[in-house]
Amino acid sequence: MQSRQPLSAYKRIVVKIGSALLVDRKSGLKKAWLDSVCTDIAALKAAGTDVLVVSSGAIALGRSVLQLPSGTLKLEESQAAAAVGQIALARAWSEALSRDEIIAGQILLTLGDTEERRRYLNGRATISQLMKFGAVPIINENDTVATTEIRYGDNDRLAARVATMTGADLLVLLSDIDGLYTAPPHLDPDAKFLEAIAEITPEIEAMAGGAASELSRGGMRTKIDAGKIATSAGCAMIIASGKMDHPLSAIDKGARSSWFAPSGTPVTARKTWIAGKLQPAGEMHVDAGAERALSAGKSLLPAGVTLVSGQFERGDTIAIFGPSGREIARGLAGYDASEARQITGRKSNEIEAILGYAGRSAMVHRDDLVMTAAASTRKSDREKDASHV
Ligand code: GLU
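None of these values were measured; they are calculated from a predicted model.

The rules behind each value
- Residues numbered from 1 in each chain as written.
- Predicted model: local features only at pLDDT ≥ 70, side-chain atom pairs only at ≥ 80, totals over all residues.
- Heavy atoms only, no water.
- Helix = DSSP H or I, 4+ residues; strand = E, 2+ residues; numbered from the N terminus.
- Buried < 20%, exposed > 50% of the residue type's maximum accessible area, 1.4 Å probe, protein only.
- Contact = heavy atoms within 4.5 Å.
- Areas by Shrake-Rupley, 256 points an atom, 1.4 Å probe, with all protein chains shown as cover.
- Pairing = 2+ DSSP bridges.
- Expected span 1.5 Å × (residues − 1).
- Core = buried A, V, L, I, M, F, W, Y, C linked by side-chain atoms within 4.5 Å.
- pLDDT = per-residue confidence, 0-100.
- Polar contact = N/O pair within 3.5 Å; in protein donor to acceptor, adjacent residues only side chain to side chain.
- Near = heavy atom within 4 Å.
- Nonpolar A, V, L, I, M, F, W, Y, C, P; charged D, E, K, R; others polar.

S.K.: Got a minute to help me understand the overall build of the protein in this structure?
M.R.: Along its length, the protein carries 15 helices and 17 strands. Out of the 389 residues in the protein, the part that is buried amounts to 48%. Long-range contacts, defined here as pairs at least 24 residues apart, represent 73% of the contacts in the protein between residues at least 6 apart. Accessible surface for the protein amounts to roughly 18,000 Å². Of this, 52% is attributable to carbon and sulfur atoms.

S.K.: How should I be thinking about the sheet that holds strand β10 (residues 196–197) in this particular structure?
M.R.: In sheet architecture, strand pairing relies on hydrogen bonds along the backbone and comes in two forms, parallel and antiparallel. Reading across the sheet, the eight strands line up as β5-β6-β4-β1-β7-β11-β12-β10 and stay open at both edges, with mixed pairing between neighbours. The sheet terminates laterally at β5 (104–109) and β10, the two strands that pair on one side only. Strand direction decides the pairing type here: β10 and strand β12 (residues 257–260), joined by two bridges, are parallel. Looking at β12, one finds that I197 is bridged to F260.

S.K.: Explain helix α6 (residues 117–132) here, please?
M.R.: Residues that lie three or four places apart on an α-helix share one face, since the helix turns once every 3.6 residues. Taking 1.5 Å as the rise per residue, α6 with 16 residues should run 22 Å; its terminal C-alpha atoms sit 22 Å apart, in good agreement. Where α6 is concerned, the buried positions are Y120, L121, G123, R124, I127, L130 and M131.

S.K.: For this particular structure, what's the right way to read unusual backbone geometry?
M.R.: Residues other than glycine predominantly adopt negative phi, and peptide bonds predominantly adopt the trans conformation. Located in the positive-phi region is Q67, a residue other than glycine, with phi close to 55 degrees. Inspection of the secondary structure assignment puts Q67 in the loop between α3 (58–66) and α4 (75–98). For Q67, a relative accessible area of 70% corresponds to the exposed category. For H246, which is not glycine, the phi dihedral falls at a positive 50 degrees. In this structure, H246 sits in the loop between β11 (236–241) and α10 (247–252).

S.K.: I would appreciate a short explanation of the nonpolar core in the present structure.
M.R.: Burial of nonpolar side chains together is a common tendency in soluble globular proteins. Within the largest apolar cluster, 38 residues are counted, with the highest numbers of intra-cluster contacts made by I17, I41, W93, L174 and L248. Sort the elements by how many residues they give to this core and helix α2 (residues 31–46) lands first, with seven residues. Discounting residues that sit within four places of it in the chain, L248 has contacts with L7, V15, D40, I41, L44, V172 and L174. With 33 residues, the next largest nonpolar core counts L52, V54, A168 and A208 among its residues.

S.K.: Would you take a moment to explain the confidence of the model for the protein for this structure?
M.R.: When pLDDT drops low, the exact placement of atoms in the prediction is not to be read closely. The predicted model of the protein has a mean per-residue pLDDT of 86, with 88% of residues at 70 or higher. Within the model, pLDDT remains below 50 along residues 211–217, and this stretch shows seven contacts once partners closer than five positions in the same chain are excluded. In this model, residues 374–389 is a region of pLDDT below 50 whose contacts with residues beyond four sequence positions or in other chains number 17 contacts.

S.K.: I'm lost on the environment of N122 in this one. Help?
M.R.: Secondary-structure assignment places N122 in helix α6. Sequence spacing of N122 and G315 is 193 residues, and the spatial spacing of their C-alpha atoms is 9.0 Å. Among residues more than four places away in sequence, those in contact with N122 are R314 and R360. A polar contact is formed between the side chain of N122 and the side chain of R314, at a distance of 2.6 Å.

S.K.: Would you mind showing me how to read the site of the ligand here?
M.R.: Taken together, the residues surrounding the ligand are S19, S56, G57, A58, I59, N140, D143, G153, D154 and N155. In the environment of the ligand, an oxygen atom lies 3.0 Å from a nitrogen or oxygen atom belonging to the backbone of A58. Within the complex, 85% of the 300 Å² of free accessible area of the ligand lies under protein. A breakdown of the residues in the shell around the ligand according to their chemical character gives two nonpolar, six polar and two charged.

Printed below as a string of structure tokens:
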């Protein structure tokens, strides 16, 4: 089992913050606490770790701003509350991060944005650009438009999807519970705390309680579901209490938390998805120079493509063939088939003149590409992948 590291040893961390930590029913936003989290985030960023935040609290904050009475809200009421609360929430993050001269960017996602490949690619490209700008993405579900059937409903699983989508190596779930116990601790005095979980087995799932009970909604059940999503894609997960100030540095100082070991590596998990799960919707044939570039871990540029066939859309899986006619790779198309045909064999700096807009420079970006050629070359490709992802 991979061992626990200090947070600053991770390259990219997604931190999920539960509503109860950020919002007090009576007094509203807990500003001092938020400031303390932002100080922790600034320290991690200064140590070279990318941080993304998945922040709940829109509905809770909207309730407080609108002074709605306690009790269950109807769907349209909670959506309207989210519309009010999300503005306040984003502003609070932006102001708190600006104390350390960090810029915040708001991203609102729906379930479809992470499930559908084209939207997934778009969302990922935006988040990645935001981080290249040095900003911290503040992410939430787009509660104002998401309806019951097409929403996550809980930010634990949304945060796990964001973690796998962005290649994060750690997901931290901060809430009012400090980790996983063998049984619900408030009901069972013999419940034991679990500090490290090597694998999410059916026994571990059973400890989280049954699915779909009123008590477990957004509770341990969704956290374990998040753990399954994250760890199977090579991302470790920590469940920790966020009740104290500076909850992220508290984890490093030994505050009690449960650690879930990753079961794969980010490279193989994502590339396995690209290579294995999807049927190629089209083909690209490439020249010898492009074949060498792909083997060296580079992106496929339009200049190296000799032929495009099939009907595919941006984000669909395509098979890539070398000059000998052998399939050498699979990847996610950066362009629709008709656009790909227009820029075949052309230089990247000609794309804008041909298509009328400045598209991406790659036909298939290296992050979306996996070599599928003979076993002898696959090992070296993997080593190269590991060095640049
Ligand atoms: N998206 C919801 C909100 O911001 C929270 C969902 C959750 O608590 O998991 O209010």
